[in-house]
Amino acid sequence: MNYSRQREIILKTLQSNVVHPTAEYLYSILKETEPNISLATLYRNLNQLAENDIIKKIDGLDSSSHFDHNTHQHYHFICEKCKRVFDISADVAPDIVQKAEQQTGFLIKKHDIIFNGICKECLDYIKDSN
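Being a predicted model, the structure only gives us computed values, none of them experimental.

Caption draft 1: Molecular detail of the packing of aromatic side chains. Considering all chains together, one arrives at two aromatic pairs under this definition. For the ring pair Y75 and F115, a centre distance of 6.3 Å and an interplane angle of 75° mean the geometry is edge-to-face. You can see Y75 sitting in strand β3 (residues 74-79) and its partner F115 sitting in strand β5 (residues 114-117), a full 40 residues away along the chain. Measuring from centroid to centroid gives 6.3 Å for F77 and F86, while their planes differ by 55°, and the two rings are tilted. Under the relative-accessibility criterion, F77 is labelled buried at 17%. Overall, the relative accessible area of 29% leaves F86 in the partly exposed class.

Spelled out as structure tokens, the structure:
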């Protein structure tokens, strides 16, 4: 992938926002310092970064994809109440790929695991409300 100043700015903005933002959220931040950047340019660059495994694209929350600068092996948890995305260490199931390969005979090259439920903060809020 060739160097692009806009791509570098997009990546730095994503790295400074650990909330697993959507493209629309990143766009609202970028417009403050980069008023000439278009939403189409942002989407194109985010998709190129994801295709080159520089960032992760997370689908499954809503109609918008979320993006993650952390490319180390980890899983995601999506809260059904607050809609935030949390990282979960891959250590919770360190041999899941090997077990899946053994059981299926498949060669797994990539995988994404997303847990859905209610985060601790929302659970605490629900308990306090009752």
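Moving on from the model shown.
Caption draft 2: Broad picture of the packing of helix α2 (residues 23-33) against helix α3 (residues 39-51). Orientation of α2 relative to α3, taken along the N-to-C sense of each, is 125°, at an axis distance of 10 Å. Classed by the angle they form, the pair α2 and α3 counts as oblique. Where α2 crosses over α3, the two elements pack in a sense that is right-handed. Contacts from A23, E24, L26, Y27 and L30 of α2 reach α3 at L39, L42, Y43 and L46. Residues of the contact of α2 with α3, tallied by class, amount to eight nonpolar, no polar and one charged.

Caption draft 3: Spatial organisation of the environment of A93. Locating A93 in the fold gives a position in the loop between β4 (85-89) and α4 (96-104). Placed 18 residues apart in sequence, A93 and Y75 show a C-alpha to C-alpha distance of 9.7 Å.

Caption draft 4: Molecular detail of the pairing of β4. In this structure, β3 lies alongside β4, joined through five bridges in antiparallel fashion. The partner of I78 across the bridge, within β4, is V85. The turn linking β3 back onto β4 is made up of five residues, and K83 within it adopts a positive phi angle of 70°.

Caption draft 5: Spotlight on the nonpolar core. One finds I10, L30, L42, L46, I55 and F67 to be the most contacted residues of the largest nonpolar core, which totals 14 residues. Residue assignment for this core shows that the elements contributing at least two residues are α1 (5-15), α2 and α3.

Caption draft 6: How the structure looks around the environment of E101. Relative to the helices and strands, E101 resides in helix α4. Judged by relative accessible area, E101 falls into the partly exposed class, the value being 23%. Apart from residues no more than four positions distant in its own chain, E101 is found in contact with F106, L107 and I108.

Caption draft 7: Summary view of the sheet that holds β4. One open sheet holds the three strands; their spatial order is β4-β3-β5, and the pairing between them is mixed. Every other strand in the sheet has two partners, leaving β4 and β5 as the edge strands with one partner each. Each strand axis lies, on average, 30° off the axis of its neighbour in the sheet, ignoring direction.

Caption draft 8: Highlighting the pattern of salt bridges. Applying the stated criterion to the full structure yields seven salt bridges. For R5, the salt bridge is made with E34, and the minimal N-O distance between the two is 3.3 Å. Pair noted here: R5 is in helix α1 and E34 is in the loop between α2 and α3, with a separation of 29 residues, a long-range link. The class of R5 is partly exposed, set by a relative accessible area of 48%. For E34, a relative accessible area of 19% gives the class buried. Put simply, K99 and D95 hold a salt bridge, and the shortest N to O gap is 3.8 Å. Classification of K99 as partly exposed rests on a relative accessible area of 45%. The exposure class assigned to D95 is partly exposed, which follows from its relative accessible area of 35%.

Parameters at a glance
Residues numbered from 1 in each chain as written. Predicted model: local features only at pLDDT ≥ 70, side-chain atom pairs only at ≥ 80, totals over all residues. Heavy atoms only, no water. Phe/Tyr/Trp six-rings, centres within 6.5 Å; stacked < 30°, edge-to-face > 60°. Helix = DSSP H or I, 4+ residues; strand = E, 2+ residues; numbered from the N terminus. Buried < 20%, exposed > 50% of the residue type's maximum accessible area, 1.4 Å probe, protein only. Axes fitted to C-alpha atoms, helices over the stretch in contact; angles between N-to-C directions. Parallel < 35°, antiparallel > 145°, perpendicular 65-115°, else oblique. Left-handed = near helix turned anticlockwise from the far one by under 90°. Contact = heavy atoms within 4.5 Å. Nonpolar A, V, L, I, M, F, W, Y, C, P; charged D, E, K, R; others polar. Pairing = 2+ DSSP bridges. Core = buried A, V, L, I, M, F, W, Y, C linked by side-chain atoms within 4.5 Å. Salt bridge = Lys/Arg side-chain N within 4 Å of Asp/Glu carboxyl O.

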